[in-house]
Amino acid sequence: MSKSMFNVVNPDMIVDKYGADTLRMYEMFLGPVEQSKPWDTNGIDGVHRFIKKFWSLFYDRNDNYLVTDEPATKEELKSLHKLIKKVTGDIEQFSYNTSISAFMICVNELFGMKCSKKEILNQFIIVLAPFAPHVCEELWETLGNAGSVCDAKWPVCNEEYLVENTVNYTVSFNGKARFNMEFPADAASDAIQTAVLADERSEKWMEGKSIVKVIVVPKKIVNIVVK
């Protein structure tokens, strides 16, 4: 951009239309901070929609307060702590653009779970605050917290919430995927094989045929060879 080329973008115009937090996050979302990037406002609406969607976890369209003190579920905690781990690592590496993507994914997950629980949102605000300080400061106060969100203790990722309790296996016959089955993450191969062969969906593909062998690839696939 250059004044002589008359292509300077006044940030005040963007702030007036979208807010300062949207501008901050969009600049970080454009790419790695150490690289030069062409300015393009075509994607700024997406960042603005993210902030509005985040706000909708606190208030509905009629400005009714949605936050509850209900305990968080395992899936909600998993989504939150996955975000905490990602953003904590990204900040240390100055990878702000990938953090923005992680925020969007987490908000979509929480929105899909209809999660408006203080236990989750309180920590989310702290993690988002360096990126969108204005909206986070307001929502921090809304949750009844004293002081500034910038002084709050940074959340620590609890790896226990990230452990997968179940694994989705693809069941194949002669190398062709036919259906999927869920098994405990620590299920033994013999138990998986027995359950797959006993499943009524397997009968269709084994009818009139003999089993040559069953291959169980841990945490991935079960392939049954028949002829």
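Residue positions are counted from 1 within each chain, in the order its sequence is given. In keeping with the model being predicted, local features are shown solely for residues with a pLDDT of at least 70 and side-chain atom pairs are shown and tallied solely at 80 or more, while totals for entire chains, interfaces and linings include all residues. With hydrogens and water stripped out, all remaining heavy atoms of the structure feed into the side-chain values.

**Student:** I would appreciate a short explanation of the packing of helix 6 (residues 118-128) against helix 7 (residues 133-142) in the present structure.
**Tutor:** Two numbers describe a pair of packed helices, the interaxial angle and the distance between the axes. Between helix 6 and helix 7, the shortest axis-to-axis distance is 9 Å and the interhelical angle comes to 155°. Relative to helix 7, the element helix 6 is oriented roughly antiparallel. Note that helix 6 runs across helix 7; the crossing there is left-handed. Contacts between helix 6 and helix 7 involve N122, I125, I126 and L128 on the former and, on the latter, C136, L139 and W140. Here the nonpolar group is Ala, Val, Leu, Ile, Met, Phe, Trp, Tyr, Cys and Pro; Asp, Glu, Lys and Arg are the charged ones; every other residue, Gly included, is treated as polar. Across the contact of helix 6 with helix 7, the residue classes tally to 6 nonpolar, 1 polar and no charged. Note on method: axes are straight lines fitted to C-alpha atoms, helices fitted across the in-contact stretch only, with angles between N-to-C directions ranging 0 to 180 degrees. Numbering of helices and strands starts at the N terminus; helices are DSSP runs of H or I of at least 4 residues and strands are runs of E of at least 2. Any angle from 65 to 115 degrees is called roughly perpendicular, while one under 35 is roughly parallel, one over 145 is roughly antiparallel, and all others are oblique. Take the far helix as the reference: if the near one is turned anticlockwise from it by less than a right angle, the crossing is left-handed, and if turned clockwise, right-handed. It only takes one pair of heavy atoms within 4.5 Å for two residues to be counted as in contact.

**Student:** What am I meant to see in the pairing of strand 1 (residues 166-173) here?
**Tutor:** Looking along a regular strand, one sees the side chains alternate between the two faces of the sheet. Across 8 bridges, the pairing between strand 1 and strand 2 (residues 176-184) is antiparallel. Residue N168 lies in a different strand from strand 2, and its bridge partner there is E182. By this definition, two strands are paired if DSSP reports at least two bridges between them. Taken together, the 4 bridges between strand 1 and strand 4 (residues 221-226) define a ladder with parallel strand orientation. The residue of strand 4 that forms the bridge with F173 is I224.

**Student:** Any chance you could explain the pattern of salt bridges here in plain terms?
**Tutor:** For side chains bearing opposite charge, pairing can occur when the charged atoms are close. Salt bridge criterion: a side-chain nitrogen from Lys or Arg within 4 Å of a carboxyl oxygen from Asp or Glu. Within this structure, the stated rule accounts for 5 salt bridges. We note a salt bridge from K82 to E109, for which the minimum N-O separation is 3.2 Å. One end of the pair, K82, is in helix 4 (residues 74-93); the other, E109, is in helix 5 (residues 96-112), with 27 residues separating them in the sequence. Summary of the burial criterion: residues with accessible area below 20% of their type's maximum are buried, those above 50% are exposed, and those between are partly exposed, where the area comes from a 1.4 Å probe applied to protein chains only. Under the relative-accessibility criterion, K82 is labelled partly exposed at 40%. A salt bridge links K85 to E159; the shortest N-O distance between them is 3.3 Å. Linking K85 in helix 4 with E159 in the loop between helix 7 and strand 1, this pair joins segments that are 74 residues apart in sequence. Overall, the relative accessible area of 45% leaves K85 in the partly exposed class.

**Student:** Mind showing me how you'd approach the nonpolar core here?
**Tutor:** Proteins that are soluble and globular tend to have nonpolar side chains buried together. Remark: nonpolar core denotes a set of buried residues (Ala, Val, Leu, Ile, Met, Phe, Trp, Tyr, Cys) joined through side-chain atoms within 4.5 Å. M25, F58, F103, F124 and L128 are the most contacted members of the largest nonpolar core, which has 46 residues in total. If you list the elements that add at least two residues to this core, you get helix 1 (11-18), helix 2 (20-29), helix 3 (44-55), helix 4, helix 5, helix 6 and helix 7. Element by element, the count of residues in this core is highest for helix 5, at 8 residues. Setting aside residues up to four positions removed in sequence, F124 forms contacts with F54, L80, L83, F103, C106, V107 and L110. Among the nonpolar cores identified, the runner-up in size contains 14 residues, and F173, M206, V222 and I224 belong to it.

**Student:** So what exactly am I meant to see when it comes to a positive patch on the surface here?
**Tutor:** Patch membership requires over 30% relative accessible area and the absence of a salt bridge. Like charges are linked within 9 Å, and nonpolar side chains (Val, Leu, Ile, Met, Phe, Trp, Tyr) within 5 Å. A 1.4 Å probe and the Shrake-Rupley method give the accessible areas. Residues count as covered only by the protein chains that appear here. Positive residues here are Lys and Arg, negative ones are Asp and Glu, while His and the chain termini are left out of the count. Just so you know, the charge point we use is NZ for Lys, CZ for Arg, CG for Asp and CD for Glu. Taken together, the side chains of K176, R178, K204 and K209 define a basic patch exposed on the protein surface. With respect to the helices, strands and loops of the structure, R178 is situated in strand 2.

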